[in-house]
Amino acid sequence: MGRVTQRRKVHKFVLDGSPQALEHPVRFKEDVLAVEEPLEIRLGEMSFSVTMRTPGDDFDLVAGFLVSEGIIWEPGQLVSERFCSGEDENGVQTFNVVDAQLRPDVERPDTGRNVYTSSSCGICGTDSIEAVRKSSHHSPREDNLTVPVRALAALPDRLREAQAVFDKTGGVHAAGLFRIHDDGTTELLCLREDVGRHNAVDKVVGWALRAGMLPLRGTVLQVSGRASFELVQKAAMAGIPVLTAVSAPSSLAADLAEETGITLAGFSRGHSLNVYAGRDRVVAEVTDPEPQPVGDSQQSLGY
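The rules behind each value
- Residues numbered from 1 in each chain as written.
- Predicted model: local features only at pLDDT ≥ 70, side-chain atom pairs only at ≥ 80, totals over all residues.
- Heavy atoms only, no water.
- UniProt positions renumbered as here; feature names shortened; annotations may be inferred.
- Phe/Tyr/Trp six-rings, centres within 6.5 Å; stacked < 30°, edge-to-face > 60°.
- Helix = DSSP H or I, 4+ residues; strand = E, 2+ residues; numbered from the N terminus.
- Buried < 20%, exposed > 50% of the residue type's maximum accessible area, 1.4 Å probe, protein only.
- Core = buried A, V, L, I, M, F, W, Y, C linked by side-chain atoms within 4.5 Å.
- Contact = heavy atoms within 4.5 Å.
- Pairing = 2+ DSSP bridges.
- Salt bridge = Lys/Arg side-chain N within 4 Å of Asp/Glu carboxyl O.

- As recorded in an unreviewed UniProt entry, the protein goes by Sulfur carrier protein FdhD and comes from Paenarthrobacter aurescens.
- Per UniProt, the comment on the protein under Sequence similarities (unreviewed entry) is "Belongs to the FdhD family."
- Recorded under Function (unreviewed entry), the UniProt text for the protein is reproduced unchanged: "Required for formate dehydrogenase (FDH) activity. Acts as a sulfur carrier protein that transfers sulfur from IscS to the molybdenum cofactor prior to its insertion into FDH."

1. Considerations on the packing of aromatic side chains
Okay, so step 1: One pass over the full model with this rule turns up 3 aromatic pairs.
Okay, so step 2: Ring centres of Phe83 and Phe95 lie 5.2 Å apart, and the angle between their planes is 85°; this geometry places the pair in the edge-to-face category. In this pair, Phe83 is assigned in strand E5 (residues 78-83) and Phe95 in the loop between E5 and strand E6 (97-102), connecting sequence segments 12 residues apart.
Okay, so step 3: Assessed through its relative accessible area of 29%, Phe83 is described here as partly exposed.

2. Some remarks on the nonpolar core
Okay, so step 1: Membership of the largest hydrophobic core comes to 48 residues, with the highest contact counts inside it found for Leu66, Ile72 and Leu264.
Okay, so step 2: Sorting elements by how many residues they give to this core places helix H8 (residues 229-238) first, with 7 residues.
Okay, so step 3: Those residues within four positions of Leu66 in sequence are excluded, and the remaining contacts are Leu43, Phe48, Ile71, Ile72, Leu78, Ala100 and Leu102.
Okay, so step 4: Ala151, Leu152, Phe178 and Val242 belong to the second largest nonpolar core, which has 16 residues in total.

3. A look at the side chain of His173
Okay, so step 1: Within the secondary structure layout, His173 lies in strand E8 (residues 173-180).
Okay, so step 2: Setting aside chain neighbours within four positions, we find His173 in contact with Arg192, Glu193, Asp194, Val195, Gly196, Arg197, Ala200, Ser224 and Gly225.

4. Focus on the pairing of E6
Okay, so step 1: In terms of burial, E6 is a largely internal element, 5 of the 6 residues being buried.
Okay, so step 2: Direction of pairing for strand E3 (residues 37-43) relative to E6: parallel, over a ladder of 4 bridges. In the sheet register, Glu40 faces E6, and the bridge partner there is Val97.
Okay, so step 3: Bridging between E5 and E6 involves 5 bridges; their strand directions are antiparallel. Pairing of Glu81 across the sheet is with Ala100, part of E6.

5. Some points on the pattern of salt bridges
Okay, so step 1: All chains considered together, the criterion is met by 14 salt bridges.
Okay, so step 2: With a closest N to O distance of 3.1 Å, Asp60 and Arg192 form a salt bridge. Pair noted here: Asp60 is in helix H2 (residues 58-68) and Arg192 is in strand E9 (residues 186-194), with a separation of 132 residues, a long-range link.
Okay, so step 3: According to the relative accessible area criterion, Arg192 is buried, its value standing at 15%.
Okay, so step 4: In this structure, Arg103 engages Asp105 in a salt bridge whose closest nitrogen and oxygen atoms are separated by 2.7 Å.
Okay, so step 5: A residue is classified by how much of its surface remains accessible, and Arg103, at 26% relative accessible area, is partly exposed.
Okay, so step 6: Salt bridges sharing common partners tie together Asp57, Asp60, Glu81, Arg192 and Arg210.

Here it is as structure tokens:
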């Protein structure tokens, strides 16, 4: 997997009380880590942003990031992408700077982001919450997609089965774009993994832009962690009508989903899920019973 993963020697402490553990409580082993490196995004000669990401699918990442920022929304607006020269202390090309050339009529931002974007935050550096509530050119509200609830609840398992980097490292998020057909079968269109959940989504959106597929009508975006405001924002900018997460959404994510017409589901675990906005798109196989209060608190999965 190249620069996607890195091997590292570790000390493993075994405390299970077994004879082997008592004899050798500390063991030396090799572990596999997900790589995290900076990527500088340039628009022409201007440095626009620096994000921490897992290398791989970088052109998709940059394209999706520009869609999320509201700078582009159709493939013709992105003329080209290229890696700029850059070397580490050993003189090896780092591939950590991407220059995106935009069509001359595309309005460019006056300045770049004020700070770098970490792998845990996709909207750092924006001036205010109002600056993040961008107007999408692809409104999810107009999408008349409906999805069977059982097919929707089965997507986390489909996503997990396709997570090759997570299998090796246990340290990356995933975003998968699905199409659910009328017979209830699901088709995985694109899957991307990254140390940043927002990067994984940008890589999916960028893949779709470069393939000429925006807006992503009739699709479902499944993410491996929680559903934050930024992920709902990115789904809205790409015209994705349904976003579902393994863990919980934030209150602001639910508010934005309601505002933009996105169906938002969380705690999707195969046997159950919660719908926080856009209930009309989710079709149950039987008549829905009267809503019952949820008594137990729900815990997030550990990935």
